[in-house]
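Here is what each chain is made of, one letter per residue.
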Amino acid sequence: MSTAFAAFFWVMTVTYALAVGAQLFGLVFQKENWIDRTRWAIGAGLAVHTVLVAWRWIATGHVPTIGNFENALFGAWFIVVMTVWAGWKEKFPLLAAGSLPFALLILGGGALSDTSYQPMVASLQSFWLFIHIFFAWLAYGAYTVACGAGVIYLLKSRAGESEDPERLKRLDELMFRSTVFGFITDTVMIAAGSIWAKDLWGSYWSWDPVETWSLLSWLVYGVALHLRITLGWRGRRLAWLLVFAIIGVLISFWGVNLVMEGSAHVFNVG
Amino acid sequence: MPRLLYAIRSRVPDPIGALGSWKLSIVLTVSGALYFAFLAIWSTSSPPHVVQGIAGLLPFWILYCLLLVNTTLCLWQRWPLMVIGLRNGRWEALGTYLFHGAFFLLALAVGLTLLFRQEMTLRVAEGEDFVGAPEQIAGRSQPAMLNPPTAPLGFRLEKVVPEFWGDQLLFTRLEADLLFDSGTRKTTRINRPLWVGPATFLRMSGFGYTPRYQVTDNQGRIVESLFVKLTVFPPGIRDSFHLESFPHRVELGITPDAAEEEGRLISRTLNLNHPVVTAQVSRGKIILAEEDLSIGEKLEFEGLSLSFPEIRYWGEFSVVRDPGVPVLFTAFTLALVGLILKLRSRPPAGGP
């Protein structure tokens, strides 16, 4: 990437990191004004992030979804946008402390990858690809928000914490609704991916590792929803489940391609 | 046997109710997740066909069947509530039915795929008619469990168009124009298959070079001229063929956009702009001649000369017949409609 792009990228990343650090500081040392002020920093970081996504889109001539770097850039943008929206809607800015670290991890991983421009190769020129990736990022963003809300819930509901029960109840509702939204978009992602796989490889299911892990994640979140709706799991039990459930999502996106090379889901085309 | 049945009956007085209980739903769903966790971990160290084999073992079929039975009974038990809800204008119960009902269609789709799916790989050169000749068929999948005859397929490959990103092995375009026996002309791309029959689709899966070689005698008469489909892409890969009328073997590679750099032949791009054929003629173990030939240039050996007047492409196509595919798409549609109907209502607060 160019020097100017790199500069903006690091400004954005450092801004997010400082915001997360400030929120954690405010959480640990109970300084609410630190948490409130981070809203402006996260907003500024998101503005720079949006510029970077648009910049990359214009420079490459295609949606920035090719390669680990572009996936990280665009995917992290979804996570931040959904975190900001949920935090603003629920008036819970501390939510970023739970979910933005995932965005930072993704951006960091992307920065270590090849950042050169990649063409939109023929195998990716498919309407179903864009549906698949768009809903994948919606799902992962929602699951990250749910996990972040779970982390905050666990921290705020510990013995000795004097959090307002009404806020905890809203946080619990946020966990559930985010999971529902993530599950629906995850379903669309898997369906679109199957259709695209049929077009590209001739088979709608190949037991590819990324496919298998994605289905496992979908099942885990399905179990979480059943436990909530049927058995009434809420609060700390649901929070713990959502915190662990994100592991499957992380493995689907990163873990498989780090561990093995045989997956057909290779995000880098070079 | 009667004692066993009595023992079961005394412990489970209402077996149908037990099979349709929400408790069993949770147990089976968690078991399913654990089973997929096992498969997912296995998939990181084993090829897909091994994972597929594990997924098809008997215990897992039993789990699938129990899940379907449980879902059926759960839906049956909730039928009156759904009818009442629909009468009161509440659609979320129907959404639940559609979403979970899609699982049955999904199971049907998988079953149809396992029973009927077949795949055939074809190789056809530009200008060649596909007639199902053995030399045009590069591979077939194992016969499906039930194997009804396929509908006849006939077409002419008019043109193959590959394009690359500079000198990198990245296709920016790979498509083929086909003229079917019915007179229709269609284009297929690497991820845009054509439906060519009931639950049958044709897609492009690769390409290669098919040079026309020409052998002339010392009086300039053409004694042999044929197209040969070779696997010589990407540059560096070599393939060979035998002359029809002579005991000679020709081994060659093709540099698609040749240029000379520091005394050696390189390819500026992967597009067939300025091809050079590196040909070696041998008889038995004796190499008779070897040279880099541009289009039309001749290689002399034992009173004959070999040239390559033109190079075309051959296209590789995959013809897949899978009646599970339309059923699968129907299942997806039903599941999504069901989820959307659920969205119309506020999710329940939870609790049994």
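Use the structure listed above.
The structure reproduced in this document is the subject of the present report.

Thresholds applied
Residues numbered from 1 in each chain as written. Chains lettered and ligands numbered in written order. Predicted model: local features only at pLDDT ≥ 70, side-chain atom pairs only at ≥ 80, totals over all residues. Heavy atoms only, no water. Helix = DSSP H or I, 4+ residues; strand = E, 2+ residues; numbered from the N terminus. Rg over C-alpha atoms; globule rule 2.2 N^0.38 Å. Contact = heavy atoms within 4.5 Å. Buried area = accessible area lost by both parts, 1.4 Å probe. Salt bridge = Lys/Arg side-chain N within 4 Å of Asp/Glu carboxyl O. Polar contact = N/O pair within 3.5 Å; in protein donor to acceptor, adjacent residues only side chain to side chain. Nonpolar A, V, L, I, M, F, W, Y, C, P; charged D, E, K, R; others polar. Axes fitted to C-alpha atoms, helices over the stretch in contact; angles between N-to-C directions. Parallel < 35°, antiparallel > 145°, perpendicular 65-115°, else oblique. Left-handed = near helix turned anticlockwise from the far one by under 90°.

Turning our attention to the overall build of chain A. Along chain A, the regular secondary structure elements total 8 helices and 0 strands. N-terminal to C-terminal, the α/β element order of chain A is α-α-α-α-α-α-α-α. Taking 18 Å as the expected radius of gyration for a compact globule of 270 residues, we find that chain A reaches 19 Å, a close match to that expectation. Its C-alpha atoms put chain A at 55 × 50 × 30 Å along the principal axes. In chain A, 78% of the contacts between residues at least 6 apart in sequence involve partners at least 24 apart.

This next bit is on the interface of chain A and chain B. Taken residue by residue, the interface counts 49 residues in chain A and 55 residues in chain B. The contact between chain A and chain B buries some 4300 Å² in all, and 72% of this surface belongs to carbon and sulfur atoms. Put simply, chain A and chain B have 0 salt bridges between them. One can count 11 residue pairs in polar contact (both at pLDDT 80 or more) joining chain A with chain B. Of all the secondary-structure elements, those providing two or more residues to the side of chain A that touches chain B are helix H6 (165-201) and helix H7 (209-231) of chain A. Split by residue class, the side of chain A that touches chain B holds 29 nonpolar, 14 polar and 6 charged.

Quick look at the packing of helix H3 (residues 22-43) of chain B against helix H4 (residues 48-55) of chain B now. All names here are of chain B. Where H3 contacts H4, the two axes come as close as 9 Å, and the packing angle between them is 160°. Taken together, H3 and H4 sit at an angle that is classed as roughly antiparallel. The two elements H3 and H4 cross, and the hand of that crossing is right-handed. The residues of H4 that touch H3, namely those facing Tyr35, Phe38, Leu39, Trp42 and Ser43, are Val50, Val51, Ile54 and Ala55.

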